[in-house]
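Here is what each chain is made of, one letter per residue.
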Amino acid sequence: MHYLKHALILSAFFLASCSTVQQSTINDDPTTQATLWVQNAAEYDAIAMQTYATAMRTLPLPLEDSFWTASLNQEEDDNFMSLPPAIIMDVDETVLDNSPFQARMIKQEKDFNIEDWNAWCKEAKAEAVPGAVEFANYAADRGVTIFYITNRDYEVEEATRKNLIEEGFPVSNSIDNIMTNGEEPGWNSSKTERRQQVEENYRVVMVIGDDLNDFLPAKGITQKKRAGLVQENSDWFGRRWFILPNPVYGSWEQALFDFEDGLSESERKTILQKRLNSKN
């Protein structure tokens, strides 16, 4: 009985220690609160549905107006007016919700890495962002071609296709409307070349994404310049461009550090402290 008592005490201590470590891991990961918000907040669902409902109500306008374009390049050239309509949509956190992947990373105490990310993509288990399926099919039913321009690697394109189809998104059998990173020479994370290829053959009537780079080149520029780009194009948001919230990751996070690599943890903390605006 004496040994049993000690064993029970040690077991209880071990379980309590494991619980404390797990709690510490969750609290220490900087993406925990954002991931919890995406997965649990009714407000997130409401914002996503609001965004797509607004896009759906707006869509009849560009379909009736051949002068309408959501492409900055096409706005400078009127040759687009006779082209068939298309909508460019990002995939991750725009049409597919990958928060379960981030939850795994938090629980496993891992940072983002391409091996785990591609493995998650190949599972094809991501669910649709609220409102996205309804909007995409509404547009497709009215003769609009949907192009999914994603920075997922080409090696996971087929799994992405499967995931989109299983979630009910319109995916073409006749053209390649899933355009992945590295699929063709020059197709890189900026998405510029892929947008241009769509623009050569279609009148882009809307662009939908969760990152500023989904709409225009915004990589490697300061936070101040990014804010300036939003102000310069403010008339396009909510009318031609529609953006979804993504507090977990994105170029906004890199912009906090002005896209500087190699900063120490201490330097990063100092910069974040300065970014917090307390008005004093």
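The protein has the name 5'-nucleotidase, lipoprotein e(P4) family in an unreviewed UniProt entry, where Gracilimonas sediminicola is given as its organism.

Asks: Tell me about the packing of helix α6 (residues 99–107) against helix α7 (residues 114–123), and name the residues and values.
Replies: Look at α6 against α7: their axes get within 11 Å of each other, and the N-to-C directions meet at 140°. Looking at the two axes, α6 sits oblique to α7. As for the relative orientation of α6 and α7, their crossing is right-handed in sense. Residues Pro100, Phe101, Arg104 and Met105 of α6 form the contact with α7, whose participating residues are Asp116, Trp117, Trp120 and Glu123.

Asks: Just give me the short version of the environment of asparagine 181, but keep the residues and values in it.
Replies: Take asparagine 181: it is sitting in strand β5 (residues 178–181). Note: C-alpha distance between asparagine 181 and glutamate 157 (24 residues apart in sequence) is 9.4 Å. Among all residues touching asparagine 181, those that are not within four sequence positions of it are Thr150, Asn151, Arg152, Asp153, Tyr154, Trp187, Asn188, Ser189 and Arg194.

Asks: Describe in detail the sheet that holds strand β1 (residues 85–89), supporting the description with residues and values.
Replies: Spatially, the 5 strands line up as an open sheet ordered β5-β4-β1-β6-β7, and their pairing is parallel. One side of each edge strand has no neighbouring strand; the edge strands of this open sheet are β5 and β7 (241–243). Strand-to-strand, the axes of this sheet are offset by a mean angle of 20°, without reference to chain direction. Here helix α10 (residues 192–201) sits on the sheet in contact with β1, β4 (145–153), β5 and β6 (203–209), set at roughly 165° to β4.

Asks: So, the side chain of asparagine 118: which residues are in play, and what are the values?
Replies: Mapped onto the elements, asparagine 118 comes out in helix α7. We classify asparagine 118 as buried; its relative accessible area is 7%.

Asks: Any details on the packing of aromatic side chains? Residues and values, ideally.
Replies: Geometrically, a pair of aromatic rings is defined through the distance of the ring centres and the angle of the planes. Under the counting rule described, the total for this entry stands at 11 aromatic pairs. Ring geometry for tryptophan 37 versus tyrosine 44: centroids 5.6 Å apart, planes at 75°, classification edge-to-face. On the basis of relative accessibility, which here comes to 3%, the residue tyrosine 44 falls in the buried class. Pairing phenylalanine 237 with tryptophan 241 gives two aromatic rings, centres 5.3 Å apart and planes at 75°, and the pair type is edge-to-face. Taken together, the aromatic side chains of Phe215, Trp236, Phe237 and Trp241 make up a single cluster linked through ring pairs. Seen from the ring of tyrosine 138, arginine 142 lies directly overhead, with NZ or CZ sitting 3.6 Å from the centre.

Asks: I'd like a rundown of a negative patch on the surface, residues and numbers included.
Replies: Together, Glu75, Glu76, Asp77 and Asp78 make up a negatively charged patch on the protein surface. In this fold, aspartate 78 is placed in the loop between α5 (72–75) and β1.

Asks: Tell me about the packing of helix α2 (residues 32–40) against helix α3 (residues 42–58), and name the residues and values.
Replies: It is the contact of α2 with α3, at a shortest axis distance of 5 Å, that shows an interaxial angle of 65°. Judged by the angle between their axes, α2 and α3 are roughly perpendicular. Contacts between α2 and α3 involve Trp37, Val38 and Asn40 from the former and Ala42, Glu43, Tyr44 and Ile47 from the latter. Taken together, the residues of the contact of α2 with α3 sort by class into 5 nonpolar, 1 polar and 1 charged.

Asks: Any details on α3? Residues and values, ideally.
Replies: In this model α3 runs 24 Å from its N-terminal to its C-terminal C-alpha over 17 residues, within 8% of the 24 Å that 1.5 Å per residue would give. Close packing links the buried residues of α3 with α2, α4 (60–64), β1, α8 (132–141), β6 and β7.

The rules behind these values
Residues numbered from 1 in each chain as written. Predicted model: local features only at pLDDT ≥ 70, side-chain atom pairs only at ≥ 80, totals over all residues. Heavy atoms only, no water. Axes fitted to C-alpha atoms, helices over the stretch in contact; angles between N-to-C directions. Helix = DSSP H or I, 4+ residues; strand = E, 2+ residues; numbered from the N terminus. Parallel < 35°, antiparallel > 145°, perpendicular 65-115°, else oblique. Left-handed = near helix turned anticlockwise from the far one by under 90°. Contact = heavy atoms within 4.5 Å. Pairing = 2+ DSSP bridges. Buried < 20%, exposed > 50% of the residue type's maximum accessible area, 1.4 Å probe, protein only. Phe/Tyr/Trp six-rings, centres within 6.5 Å; stacked < 30°, edge-to-face > 60°. Lys NZ or Arg CZ within 6 Å of the ring centre and 35° of its normal. Patch = residues over 30% accessible without salt bridge, like charges linked within 9 Å, V, L, I, M, F, W, Y side chains within 5 Å. Areas by Shrake-Rupley, 256 points an atom, 1.4 Å probe, with all protein chains shown as cover. Salt bridge = Lys/Arg side-chain N within 4 Å of Asp/Glu carboxyl O. Lys, Arg positive; Asp, Glu negative; His and termini not counted. Charge placed at Lys NZ, Arg CZ, Asp CG, Glu CD. Nonpolar A, V, L, I, M, F, W, Y, C, P; charged D, E, K, R; others polar. Expected span 1.5 Å × (residues − 1).

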